[in-house]
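# Descriptive analysis of the structure
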Amino acid sequence: MEPAKMASPKSAPKDAQVMAQILKDMGITEYEPRVINQMLEFAYRYVTTILEDAKIYSSHAKKSSVDADDVRLAIQCRTDQSFTSPPPRDFLLDIARQKNQTPLPLIKPYSGPRLPPDRYCLTAPNYRLKSLQKKVSSSAGRITVPRLSVGAVSSRPSTPTLGTPSAQTVAVSTKVGTPVSLTGQRFTVQIPSSQAAVKSATPTTPTVQNVLINPSLIGPKNILITTNMVSSQNTANEANALKRKHEDDDDYDNL
Amino acid sequence: AAVASSSPGVAAVAAVPPGKGLVSGRASHGVALPGCGVVSCCVFASSFGLSYKLLLYALAVGGAVVVEDQPDVSAVLSAYNQQGDPTLYEEYYSGLKHFIECSLDCHRAELSQLFYPLFVHMYLELVYNQHESEAKSFFERFHGDQECYYQDDLRVLSSLTKKEHMKGNETMLDFRTSKFVLRISRDSYQLLKRHLQEKQNNQIWNIVQEHLYIDIFDGMPRSKQQIDAMVGSLAGEAKREANKAKVFFGLLKEPEFDVPLDDEDEEGENEEGKPKKKKPKKDSVGSKNKKQDPNAPPQNRIPLPELKDSDKLDKVMNMKEAARRVRLGPECLPSICFYTFLNAYQGLTAVDITDDSSMIVGGFADSTVRVWSVTPKKLRSVKTAADLSLIDKESDDVLERIMDEKTASELKILYGHSGPVYGTSFSPDRNYLLSCSEDGTVRLWSLQTFTCLVGYKGHNYPVWDTQFSPYGYYFVSGGHDRVARLWATDHYQPLRIFAGHLADVTCTRFHPNSNYIATGSADRTVRLWDVLNGNCVRIFTGHKGPIHALAFSPNGRFLATGATDGRVLLWDIGHGLMVGELKGHTDTIYALRFSRDGEILASGSMDNTVRLWDAVKAFEDLETDDFTTATGHINLPENSQDLLLGTYMTKSTPVVHLHFTRRNLLLAAGAYSSQ
């Protein structure tokens, strides 16, 4: 540490001189010049925090001005929070006595690396691999690829055709066109995620399941028959699965 | 009236209050710095129960929380009842001063020991009873009379001017509640007692009875020099009964090996037990001492891990190296090889070297731990699981094949701590590394994979030092919370808690037989603890500053300690006496190490020097016997100059670590600092 270069009395502000004097009184002769700045900052921050707290307490007690009791209370509450000290000696002696009564545990021979149980170690992997399985069996879940439709207007959720899962399979079997070229209005429908939660591979299935609007499916009454592009529940038969895969491939190409 | 009261003083606040709604606690400012301890903090606090954190602390330790009636802190401090008129305190004190100065020379030194504790207690009494101006003038008048080694404490005391200041200062509270111990010969004591009881105003006598413990011994009164050597700690000296317990300082028996004689040109390593054409030489240590050493602990006193094959190989290597060891002595001094850490910018805070001197580790203030290989062999980590599945497990050199050559390097950096790393320790089998840090944890790192395995959380405050046991498996740590803890690598909570110090535990070391632990503290005492039951078996006072270096002699009988006062003190563990004082260093001693056979003691210090001392001469012809043990001190010869064998200066590099290789080459380490 470099020896303190005492600023000439003319240039150092009074507070800095006070800090330097405190250090001198406590017998600290060598310190970096930044120490005084840090002490000043600490003092300022501490005092303003206490005074603000005191103001709050005094206004809570409906007093007209802040008095010494408020400040005392503020100091006490702050020190309980921020500045803690190690436990007192007799407390330590007490817990030491309890701890030292149990005999030392015997050491099991030939037990490999002697480490605590796994949950107290840091040896568990802190990552999990994402399963990117496109060629998936029917029971496997699927990664959902959220695609938000642009300029969507939320529709009334009471579209009758979208009630049940079975309806979805019906919808799937219809021709599903390309995901491009949406004409006319688009509707985004929110399908409750209870369907998705059952067999999902990843727990982060978005609740908004995006639907593709096939213009040809929009009937005269504006009832939408939509397909579920990204389904996390796949109870459909093989044909559907294949079709879905096909769709997904298209998706990825077009993305 | 009996002087020595049996109880160690009124206990301070007890355990968690049952059902008390408000849980507020005590607090203190300040950052805990190594070497300063708690003493230099200004404090404010409340006087109500224990904080919530304390409850968590108790639960974290794993013990049940004892719930009992909780006396208030003010009950403790009210031990400061008004002892008479505050304005007369100065008169009482100067009256005593006059009496002592007029007493006989032989008694004066001993009775002068009274000045400091009386001064402090009287001052604190005035402050507590809120006689601020009297306290101030009392302080002004008499603080200059105190011994120079108390000046630091007096400076802190001068900042305590109000009653509120006293309530939160842990160290001051401990000072109040534990009686200050003075050791005075019977004659001097009779003199004092007669004088104090004669006078009309017995105030001083009351204070003496209340706050001091006078340990009377039969013998010659001590000289000033003798007293100065032994005083200095926060609680006075050690009572003689504190040092009476039997300590098994002998070494454990080493298992017998057949060490085949071999020359330089013999090929390969011989495993133990393989007979050769030449008659194998048995390990001499094991075979000669068939009888149990009475001072050695029984083999199974504490459970120790069994020797694995790799450990046995290591021991064989050790013995071979020992055969080639240089015999050191005053005529044959060791060569010193210094490892300088460059570009550390005052960030090097801990160093350790393996027993076979193959690796060196540095703990840094930027919270990294860096391991270097000292030999040409690089540091290799084990291959990943994918690669491991490809190797041939049946091949002879499978242990080589599992190591990854591609990432071999001389330096490995270990990240994980969130604060400066203040202590590091290699395990004896070189598989593990421990590091302890300001963040309150001790981390176990694997040196096979160079990753962190476990974080041991127990101290919630900075941990200043840690060390593996000489047999592995156990390790000790000591920190700011004033306790040292014994851990085993396979338990996430400590096995033993060594509580008793009045200030931070700054240095922790195992005895060579792993049954005892020495701790040095900022309260200027060194304590020896028994691993089996956690009892404190020895208290050594004499240093005038926080202790930063401890070293056991290889035969286990002696302990060397170094502190910020620049003195190295030597202690006989069996008798519990100070047997030597080595003066010479001018600054804090951070490293102490005995040579492999105990002939030379090396000390490294902040004054950029390494000094070598003649240990054989220091320990011969000691007057330690039952009589001196009963008195508690021996005459220390002034032989520092005779014992000093050499002083070696570095170029402005404080010496942080010392290590004797198996062949008695001295390695030293430090960080270059450009001032």
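The rules behind these values
Residues numbered from 1 in each chain as written. Chains lettered and ligands numbered in written order. Predicted model: local features only at pLDDT ≥ 70, side-chain atom pairs only at ≥ 80, totals over all residues. Heavy atoms only, no water. Helix = DSSP H or I, 4+ residues; strand = E, 2+ residues; numbered from the N terminus. Buried < 20%, exposed > 50% of the residue type's maximum accessible area, 1.4 Å probe, protein only. Contact = heavy atoms within 4.5 Å. Areas by Shrake-Rupley, 256 points an atom, 1.4 Å probe, with all protein chains shown as cover. Pairing = 2+ DSSP bridges. Core = buried A, V, L, I, M, F, W, Y, C linked by side-chain atoms within 4.5 Å. Phe/Tyr/Trp six-rings, centres within 6.5 Å; stacked < 30°, edge-to-face > 60°. Lys NZ or Arg CZ within 6 Å of the ring centre and 35° of its normal. pLDDT = per-residue confidence, 0-100.

In terms of regular secondary structure, chain B is built from 19 helices and 31 strands. The proportion of buried residues among the 675 residues of chain B is 56%. Sequence separation of 24 or more characterises 62% of the internal contacts of chain B that already satisfy a separation of 6 or more.

What follows deals with the overall build of chain A. Of the regular secondary structure elements, chain A holds seven helices and four strands. Listing the helices and strands of chain A from first to last along the sequence gives α-α-α-α-β-α-β-α-β-β-α. Per-residue burial for chain A yields a buried fraction of 29% across its 255 residues. Considering only contacts within chain A whose residues lie at least 6 apart along the sequence, 60% involve residues at least 24 apart. Total accessible area computed for chain A in this model is approximately 17300 Å², and 58% of it derives from carbon and sulfur atoms.

Attention now goes to the pairing of strand 14 (residues 463–468) of chain B. Residue and element names in this part refer to chain B. A large share of strand 14 lies buried, amounting to six of its six residues. Alignment of strand 14 against strand 15 (residues 474–479), held across five bridges, turns out to be antiparallel. For Asp465, the partnering residue across the bridge sits in strand 15 and is Gly478. If you look at the hairpin formed by strand 14 and strand 15, you'll find five residues sitting between the two strands, and Gly472 has a positive phi there, around 80 degrees.

Residues and elements named next belong to chain B. Phe119, Phe138, Leu157 and Val208 are the most contacted members of the largest nonpolar core, which has 46 residues in total. For this core, the element with the highest residue contribution is helix 5 (residues 115–128), accounting for 11 residues. Core analysis: the second largest hydrophobic core is formed by 20 residues, Met230, Phe540, Ile547 and Phe552 among them.

Moving on: the packing of aromatic side chains. Under the criterion given, the structure shown has 27 aromatic pairs over all chains. Judged by centre distance (5.9 Å) and plane angle (15 degrees), the ring pair of A:Phe42 and A:Tyr46 falls under stacked. Of this pair, A:Phe42 and A:Tyr46 are both found in helix 2 (residues 34–60), four residues apart, which corresponds to roughly one turn of the helix. Looking at A:Phe42, the relative accessible area reads 33%, which means it is partly exposed. Seen in terms of ring centroids, B:Tyr456 and B:Trp487 are 5.5 Å apart; in terms of plane orientation they differ by 55 degrees. Their pairing is tilted. Within this pair, whereas B:Tyr456 is found in strand 13 (residues 451–457), its partner B:Trp487 is found in strand 16 (residues 483–488), the two being separated by 31 residues in sequence. For the residue pair B:Tyr456 and B:Trp487, the accessibility class agrees, reading buried in each case. A connected cluster of aromatic rings, assembled from ring pairs, spans B:Tyr93, B:Phe115, B:Phe119, B:Tyr123, B:Phe138, B:Phe139 and B:Phe142. The ring centre of B:Tyr213 lies 4.2 Å from the NZ or CZ of B:Lys239, which sits over that ring. Seen from the ring of B:Tyr149, B:Lys544 lies directly overhead, with NZ or CZ sitting 4.8 Å from the centre.

Now for the confidence of the model for chain A. Residue and element names in this part refer to chain A. Mean pLDDT over chain A stands at 67; residues scoring 70 or higher make up 48%. Within chain A, no element has a lower average pLDDT than helix 5 (residues 165–173), which sits at 40, and none a higher one than helix 2, at 94. Between residues 224–242, whose pLDDT stays under 50, and residues either more than four places distant or in other chains, the model counts 47 contacts. Across residues 244–255 the pLDDT falls below 50, and counting only partners more than four positions away or on other chains, this stretch makes 20 contacts in the model.

Here we take up the environment of B:Leu196. All names here are of chain B. In this structure, Leu196 sits in helix 10 (residues 186–198). We classify Leu196 as buried; its relative accessible area is 5%. Note: C-alpha distance between Leu196 and Asn206 (10 residues apart in sequence) is 9.6 Å. Dropping the residues within four chain positions of it, Leu196 is found in contact with Leu96, Asn202, Ile204, Trp205 and Val208.

Bringing unusual backbone geometry into the picture now. Excluding glycine, residues mostly carry a negative phi; peptide bonds, for their part, are mostly trans. Residue and element names in this part refer to chain B. Positive phi outside glycine occurs at Tyr473, with the angle close to 75 degrees. Tracing the sequence through the fold places Tyr473 in the loop between strand 14 and strand 15. A relative accessible area of 7% places Tyr473 in the buried class. Its identity is not glycine, yet Arg482 carries a phi of approximately 70 degrees, on the positive side. Residue class for Arg482 comes out buried when judged on its relative accessible area of 2%.

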